[in-house]
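# Close look at the chain arrangement
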Amino acid sequence: MAPSRAAWGIDIGQSALKAIKLRYAESTGQVVAAAFDYVQYPKILSQPDAVPEEIIRDAMQTFLSRNNLQGDMIGFSVPGHSSLVRFIQLPPVEVSKLGEIVKYEARQQIPFPLEEVIWDYQPLGSGIEESGYLLEAEVGLFAMKRDQVMNQLRPFTRAKLEVELIQIAPLGLFNVLSYDELGMRPGTPSEDADHVIVLDMGCDNTTLMVSNGKKIWVRNIPIGGNHFTRALTKEMKLSFAKAEHLKCNATKSPDPRAVFQALRPVFNDFVSEIQRSIGFFSSVNRSAKITKVIGVGNGFKLAGLQKFLQQNLQYDVERPEAFKALAGDSVINSPLFADNVLSFTVPYGVALQQLGQTAIQTTLLPPEISRERLIRSKKPWAVATAAALMLGFAGATIGNGMAFSYVDNPDFVEAEKTAKGFVDQVGGYNSAYTAEQGQFEADRKRVTDAVANRRDISWMELFDAVNDCVPREDVDSAEKPIEQRYQVSIKAFTSEKYADLAGGWFSTLAHQKEYLPEKQKEAGPEGEGYLVSISGTHWHHADGKPEEQEVLFLHNYFVKNLQKWQIQRGEGPVRDVGRMGISHATIMDYRPETIMYTPAGQIDTKPNKAVIPNANFPMPMAVTPLPGGNVPLPEGARRLKQTTFLVQFVYKPVKPEERKEAPEGVSPDVIPEDFKLIHPEEAAKMMEAAAAKAAAAAAAANGEGAAPMDGAAPMPEAAPMAPAAPQ
């Protein structure tokens, strides 16, 4: 049942404090806006002469002086670029053990000890629960450094406000998209909708979110409204304040054409980042259909931006004038609210979640605060219960004492004690037997459910086979430098079913065929099957050995294993590889670059990067620099070669009873002659051939009118967890 209390959603941004108060009207089933506030800062927080802490404190005092929050729920948002967002595809897992599995994944995905972060998770998508197992489950993992959460919470604790929800801004956008745009309601089944892109432009960053109301994909674009202002200060020699005024009134300036010419480079960079993000999303979500783009945030009011995006993205671009599902005339018809409606999207989504009107349930509120409030709310009941127990105990003691005073025979006491001991012993044996019997039945049912009439057991075997194909050290490698370790880090393992592998996938390969065995370069896979994609990173780099560097290390020590008939690791079991249906393993894309590295993590100092054309990966490459652009290099930092990759192979499951023996001349863990290891003298030739084919394909595509590939475009980066200025 929806809460009867009102809920405030608050966003402390870079230029203003935005807040909206919502109530849920059960009689009409509508969300009603009861109040709002918009407190403009005297300066943007990122300006050099601004003191963010003082500005935010004054804005909070102004807000509290104009609004009564007594008895209302309070929630606020934190910026997406200061948080970590990961989406994890889980193997079949018991529902009861989902929390344990996610906690294990969190330790792998979050680059900090879990004690130093606040994190939460939520199942997403359309996972199926069958016989106590969750199949095709995708989980969203959301985290933020504890000290950053406490910094964001400080203005509220100083004002003695009890916050009940802390939510990252991208999930606030998702709440509004689901409720207001797609019309989804909790507990009500909904059809799969087309995907929509939401762009929330702030002062220094833009959040790009793609969703269909069930699944979410998020990326932070480091371009915001201030980048347009700085372009005007540089090109037209203006102060920041004058440039900001000119940007907001570009159409009224004496020479609008000169203004737009000064802004054009930023327009182009912004569109390029969006196109790159859409391209990557489409490559990993091939069945997703994007229908339109929705722009929010006051930065989206920039004259000409909507039309420029629509012309270059080839999608309808909408800029909402109001929220479709929101009632409350006193707020909606206010000129101040209408003029800044685009900036109220995130606080609207935060308030919706507090009213129980969204599917998202996560929060980054520190758990110790939640526990302390729960204990405090239970104290009156606990005191009353203790008093009642004390009175009852006193009465029972008095009654027993009076009865005992009438009968007190030692023989009866001894006999009663002996009989009670025997009864307790028999009862203990009976309870133990019942417990063991129940455990046995539960285990038998779990095993039966796991193996009876299941179609996905072969995937467990596939995971084992791929795991044995991954390069690894024979002994503990913790003491070896990372560039000497025979290891790769796998970040994603996904699959997609094809009705026609030859036409749907193999026909699209170009230079990627260079990594296939000779017999598979021309003969593609036939019929129905799965395309398995593995993306990850390795840091192995042996100086003087090209076969152990960058893509050749990946080819020689990982892909070659996937091209074997069988493989055996040490004294472990012999695993079927090609024999179970794996074929056409190749390297689809890779990206070598030089990073600054310490044992504590990576530091991006913007070094020169070697980029392979059309390289797209869902991998965080480095930590964003601190505000101001300066990155302090810890002691021991050094340059390191890093290669990010995407490997794909075909999987057509072969039942164990139908599998054939190894072809003539091939035995387990023996590489056929045409699979020979690439040596230094062949390495350069192979690299040149692949590069020449890629260049020819690009030239042919451009000649046919296709958009030229951005050869130096960096791949999309996940939202970093670097320290950020207060929002």
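Look up a bit, the structure's there.
Values in this document were obtained by computation on a predicted structure and should not be read as measured data.

### A closer look at helix H3 (residues 146–158)
- Its 13 residues place the ends of H3 18 Å apart at the C-alpha level, agreeing with the 18 Å of an ideal helix rising 1.5 Å per residue.
- At Gln 152, H3 is deflected by roughly 35 degrees, the largest bend along its length, and proline Pro 155 occurs up to four residues later in sequence.
- By the burial criterion, the buried members of H3 are Gln 148, Val 149, Gln 152, Leu 153, Pro 155 and Phe 156.
- Backbone geometry just after H3 places Lys 160 at a positive phi near 60 degrees.

### Examining helix H6 (residues 240–248)
- Every buried residue belonging to H6 is among Ala 243, Leu 246 and Lys 247, and all of these are buried. Down the axis of H6, the buried side of the element spans an arc of 100 degrees, and every buried residue falls inside it. Opposite the packed face of H6, turned more than 90 degrees from it, sit the exposed residues Ala 241, Lys 242, His 245 and Cys 248.

### Digging into the sheet that holds strand S5 (residues 84–89)
- Spatially, three strands are ordered S5-S10-S7 in an open sheet, and the strand pairing comes out antiparallel. Both outer strands of the open sheet, S5 and strand S7 (117–124), are each paired with one neighbouring strand and no more. Adjacent strand axes in the sheet meet at a mean angle of 20 degrees, parallel and antiparallel pairs treated alike.
- Where S7 and strand S10 (residues 138–145) come together, eight bridges link them in antiparallel fashion. Counterpart to Trp 119 in the pairing with S10 is Ala 143.
- This element, H3, spans S7 and S10 of the sheet and lies at about 70 degrees to S10.

### Considerations on the pattern of salt bridges
- Per the counting criterion, the structure on display carries 32 salt bridges.
- The salt bridge partner of Glu 138 is Lys 215, with a shortest N-O separation of 3.5 Å. Pair noted here: Glu 138 is in strand S10 and Lys 215 is in the loop between strand S13 (206–211) and strand S14 (216–221), with a separation of 77 residues, a long-range link.
- The buried category is assigned to Glu 138, whose relative accessible area is 11%.
- Its relative accessible area of 36% is what places Lys 215 among the partly exposed residues.
- Close ionic contact of Glu 162 with Arg 373 constitutes a salt bridge, the shortest N to O distance being 4.0 Å. In this pair, Glu 162 sits in the loop between H3 and strand S11 (165–168) while Arg 373 sits in helix H12 (residues 367–406), placing the two residues 211 residues apart along the sequence.
- Of the residues examined, Glu 162 reaches a relative accessible area of 41% and is grouped as partly exposed.

### So, the packing of aromatic side chains
- Summed over the entire model, instances satisfying the criterion amount to 21 aromatic pairs.
- With centroids separated by 4.5 Å and ring planes inclined at 15 degrees, the aromatic side chains of Phe 76 and Phe 156 adopt a geometry described as stacked. Within this pair, whereas Phe 76 is found in strand S4 (residues 73–78), its partner Phe 156 is found in helix H3, the two being separated by 80 residues in sequence.
- Among the aromatic side chains, those forming a connected cluster through ring pairs are Phe 36, Tyr 38, Phe 323, Phe 337, Phe 344 and Tyr 348.
- The residue whose ring lies beneath Arg 185 is Tyr 179, and the NZ or CZ to ring-centre distance is 3.6 Å.

### As for the environment of Ile 582
- Within the element layout of this structure, Ile 582 appears in strand S22 (residues 582–598).
- By relative accessible area, Ile 582 is classed as buried at 4%.
- When the C-alpha positions of Ile 582 and Leu 462 are compared, they lie 8.7 Å apart, and in sequence the two are 120 residues distant.
- Leave out the neighbours within four places in its chain, and Ile 582 touches Leu 462, Leu 562, Val 577, Phe 649, Val 650 and Tyr 651.

Parameters and conventions
- Residues numbered from 1 in each chain as written.
- Predicted model: local features only at pLDDT ≥ 70, side-chain atom pairs only at ≥ 80, totals over all residues.
- Heavy atoms only, no water.
- Helix = DSSP H or I, 4+ residues; strand = E, 2+ residues; numbered from the N terminus.
- Expected span 1.5 Å × (residues − 1).
- Bend = angle between axes of the 7 residues up to and from the residue.
- Buried < 20%, exposed > 50% of the residue type's maximum accessible area, 1.4 Å probe, protein only.
- Arc of directions from axis to C-beta.
- Pairing = 2+ DSSP bridges.
- Axes fitted to C-alpha atoms, helices over the stretch in contact; angles between N-to-C directions.
- Contact = heavy atoms within 4.5 Å.
- Salt bridge = Lys/Arg side-chain N within 4 Å of Asp/Glu carboxyl O.
- Phe/Tyr/Trp six-rings, centres within 6.5 Å; stacked < 30°, edge-to-face > 60°.
- Lys NZ or Arg CZ within 6 Å of the ring centre and 35° of its normal.

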